[in-house]
Amino acid sequence: MLLTEAPPLAVAEAQRRILARIRTLPPERVALSAALGRVLAEPLPARGDLPPWDNSAMDGYAVRAAEVAAGVALTVALDLPAGAPAGVTLPPASAARIMTGAPLPDGADAVVPVERTEGPTGEGSFARVGEWVRFMAGVEPGSHVRRRGEDVRAGATAVPLGATCGAAQLAMAATAGHATVSVVRRPRVAIVSTGDELVDVDQAGTPDRIVNGNAYGLAAQVTIAGGEAWKLPIVPDDHDATVAAVEEALSADAVITIGGVSVGERDHVRRALAQSGVELAFWRVAMRPGGPFAFGTAAGGRAVFALPGNPVSAHVTFELFARPALRRMAGHARCFRRPFRARLAEAVVPHAEKALYLRGHLNEDAGGWRVATTGPQGSGVLSSLVAADCLIVVPPGAGTLAAGVGVDVLPLAESAFDTEEP
Ligand code: AMP
Ligand code: MG
């Protein structure tokens, strides 16, 4: 089943067929500090009310609102910094110095910010315990008070199942009392580089050899996608060696092979995959770069992505096919980059049958997003990928797309949206 006769698939169809075969991995329990970027496999309830007591939203004075009016002075009876005990009682006809976050004393029902008071040392400066404070205006009950449980009630969900643990979710998880969380396991991804011409970077400069740059790029892409990369040694263009490497690699959750997936005599990958029990779902996608991409599955639902060796082909096929699958394995509901529209800065000629994924650079002007190509688009040209922050999607078709025409653009990183200006 080498699929030599099957016509190339459209990109979206290839993406659908891959995702249909991908399952989310089982969960594991990790310390909160190891959960960044992971997907919650359990909802996190608040262990108690958040906040745990009524508390002050301002630095000022806790009062009984009914006792305060413009010009009224009260004695300062208490000093309540953050960390003061809850359950202290405010004596009648007095005020308590209170700092942001400190528990509201029993009997008090409002806070007056210090800026709206006068003390022995002047307007807006705190009086000490035993001194007087005068109010510039009355105050409504509940003013500048954060109610117990107003954020999340005890037992209610503080962070939902399926949420990605970003900074906010981790802050809430800790606040809600969870030192460990159950998250979806990270996919372990084996990277198998094939090619007689390859050496590792420590052998750079070896005559007639090129450095295995793809393994470094792809390992980074795996990490960014939420996986754990496992680089195997370089495999020569030999059937048995390729089979042995694939079989070792299949102990991982997913396998990425690089190179050897086209129709050359020395392209052993598809035959080696078949021999290793990998069932190929398809081979060849109607796209450039990256046409000879193949996808298959092995026992236990392991996914195998056979990427073409040209550096930009490998990068782009990972981005379009492997990244969404790894994200699904890691539990994400949203697996695909969201395309958005930008205007072409220059004319582009589509291919009759293949979708083009051009390396582009985004800019915003008065008319919105504008995208320019970053230079030569050969599948071995890394310099234009280095300069790129997006891929410009040019569907197959006839007729030049003129400058100014709207196209779909796929960002390659969130930093594509960052800007130099505030
Ligand atoms: P292949 O897909 O095996 O026919 O490889 C196509 C071309 O991509 C090769 O001639 C190499 O120049 C290049 N290539 C293949 N594998 C790698 C790799 N791991 N790192 C960098 N370049 C590669
Ligand atoms: Mg090769």
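Residues numbered from 1 in each chain as written. Chains lettered and ligands numbered in written order. Predicted model: local features only at pLDDT ≥ 70, side-chain atom pairs only at ≥ 80, totals over all residues. Heavy atoms only, no water.

(A) Representation of the side chain of R323 within the structure. Looking at the secondary structure, you find R323 in helix α6 (residues 311–329). No salt bridge is formed by the buried R323. Its closest oppositely charged neighbour is E319, at 4.0 Å. Those residues in contact with R323 that sit more than four places away from it in its chain are A225, F318, C335, F336 and R337. (Helix = DSSP H or I, 4+ residues; strand = E, 2+ residues; numbered from the N terminus. Buried < 20%, exposed > 50% of the residue type's maximum accessible area, 1.4 Å probe, protein only. Lys, Arg positive; Asp, Glu negative; His and termini not counted. Salt bridge = Lys/Arg side-chain N within 4 Å of Asp/Glu carboxyl O. Contact = heavy atoms within 4.5 Å.)

(B) Representation of the site of ligand 1 in the model. Among the 13 residues in the neighbourhood of ligand 1, the closest are listed as N212, N214, G260, G309 and N310. Residue N212 places a side-chain N or O atom 2.7 Å away from a nitrogen atom belonging to ligand 1. In this structure, N310 approaches ligand 1 through a main-chain N or O atom, which is 3.2 Å from an oxygen atom. The fraction of the free accessible surface of ligand 1 (480 Å²) that becomes covered by protein chains is 74%. Counting only elements with at least two residues in the shell around ligand 1, the list comes to β16 (210–211) and α3 (213–224). (Near = heavy atom within 4 Å. Polar contact = N/O pair within 3.5 Å; in protein donor to acceptor, adjacent residues only side chain to side chain. Areas by Shrake-Rupley, 256 points an atom, 1.4 Å probe, with all protein chains shown as cover.)

(C) Geometry of the pattern of salt bridges. This model, assessed by the stated rule, comprises 16 salt bridges. One salt bridge in this structure joins R343 and D365, with 2.6 Å as the shortest N-O distance. Placement of the pair is R343 in strand β23 (residues 340–344) and D365 in strand β24 (residues 355–365), with a sequence separation of 22 residues. Accessibility expressed as a relative area gives 26% for R343, which makes it partly exposed. Taking the relative accessible area as the measure of exposure, D365 reaches 36% and is therefore partly exposed.

(D) Local environment of a nonpolar patch on the surface. Nonpolar side chains collect at one region of the surface, where V201, V211 and Y216 lie side by side and expose about 230 Å² of accessible area between them. One can find Y216 in helix α3. (Patch = residues over 30% accessible without salt bridge, like charges linked within 9 Å, V, L, I, M, F, W, Y side chains within 5 Å.)

(E) Structural detail: the packing of α3 against α6. It is the contact of α3 with α6, at a shortest axis distance of 10 Å, that shows an interaxial angle of 25°. Taken as axis vectors, α3 and α6 run roughly parallel relative to one another. The element α3 and its partner α6 pack so that their crossing is right-handed. Facing α3, whose interface residues are N214, L218, Q221 and V222, α6 presents P311, A314, H315, F318, E319 and L326. The residue inventory of the contact of α3 with α6, partitioned by class, reads 6 nonpolar, 3 polar and 1 charged. (Axes fitted to C-alpha atoms, helices over the stretch in contact; angles between N-to-C directions. Parallel < 35°, antiparallel > 145°, perpendicular 65-115°, else oblique. Left-handed = near helix turned anticlockwise from the far one by under 90°. Nonpolar A, V, L, I, M, F, W, Y, C, P; charged D, E, K, R; others polar.)

(F) A look at the packing of aromatic side chains. Taken as a whole and judged by the stated rule, the model has 9 aromatic pairs. Arranged with centres 5.6 Å apart and planes meeting at 65°, the rings of F340 and W369 form a pair that is edge-to-face. Here the residue F340 occupies a position in strand β23, and W369 occupies one in strand β25 (residues 368–373), the gap between them amounting to 29 residues. Between F340 and F417, the aromatic rings sit 5.3 Å apart at their centres with planes inclined by 50°, giving tilted as the arrangement. Within this pair, whereas F340 is found in strand β23, its partner F417 is found in the segment after β27 (406–411), the two being separated by 77 residues in sequence. Under the relative-accessibility criterion, F340 is labelled buried at 15%. F417 sits in the partly exposed class, given a relative accessible area of 39%. Grouping aromatic residues by their ring pairs yields a cluster made of F282, F293, F295, F305 and F321. (Phe/Tyr/Trp six-rings, centres within 6.5 Å; stacked < 30°, edge-to-face > 60°.)

(G) Quick look at helix α1 (residues 11–20). Of the residues making up α1, those classed as buried are V11, A14, Q15, I18 and L19. Along the axis of α1, the buried positions cluster into a sector of 125°, meaning they face one direction only. Turned more than 90 degrees off the buried face of α1, the exposed positions are R16 and A20. (Arc of directions from axis to C-beta.)

(H) Geometry of helix α4 (residues 239–249). Of all the residues in α4, the buried ones are T242, V243, A245, V246 and A249. Each buried residue of α4 lies within a common arc of 165° when the element is viewed along its axis, so the set occupies one face. Those residues of α4 that are buried are in contact with β14 (188–193), β17 (228–231), β18 (254–258) and α5 (269–275).

(I) The nonpolar core, seen in detail. The biggest cluster of nonpolar side chains holds 43 residues, and the ones touching the most others in it are I18, I256, F293, F305, F318, F321 and Y357. Among the secondary structure elements, those contributing two or more residues to this core are α1, β14, α3, β18, β22 (302–307), α6, β24 and β26 (390–394). The element that contributes the greatest number of residues to this core is α6, accounting for 10 residues. Setting aside residues up to four positions removed in sequence, Y357 forms contacts with V11, M287, R288, P289, V316, L320, Q377, L391, I392, V393 and L410. (Core = buried A, V, L, I, M, F, W, Y, C linked by side-chain atoms within 4.5 Å.)

(J) Structural view of the sheet that holds β18. Strand order in the open sheet made by the 6 strands is β17-β14-β18-β22-β21-β19, with mixed pairing throughout. Unpaired on one side and paired on the other, β17 and β19 (279–283) mark the two borders of the sheet. Ignoring strand direction, the axes of neighbouring strands in this sheet form an average angle of 20°. (Pairing = 2+ DSSP bridges.)

(K) Representation of the environment of D208 in the model. With respect to the helices and strands, D208 occurs in the loop between β15 (198–199) and β16. Considered as a pair, D208 and L198 are 10 residues apart in the sequence and their alpha carbons are 9.2 Å apart.

(L) The arrangement of the side chain of N214 in detail. Tracing the backbone shows N214 in helix α3. Excluding residues that lie within four positions of it along the chain, N214 makes contacts with I258, G309, N310, P311 and A314.

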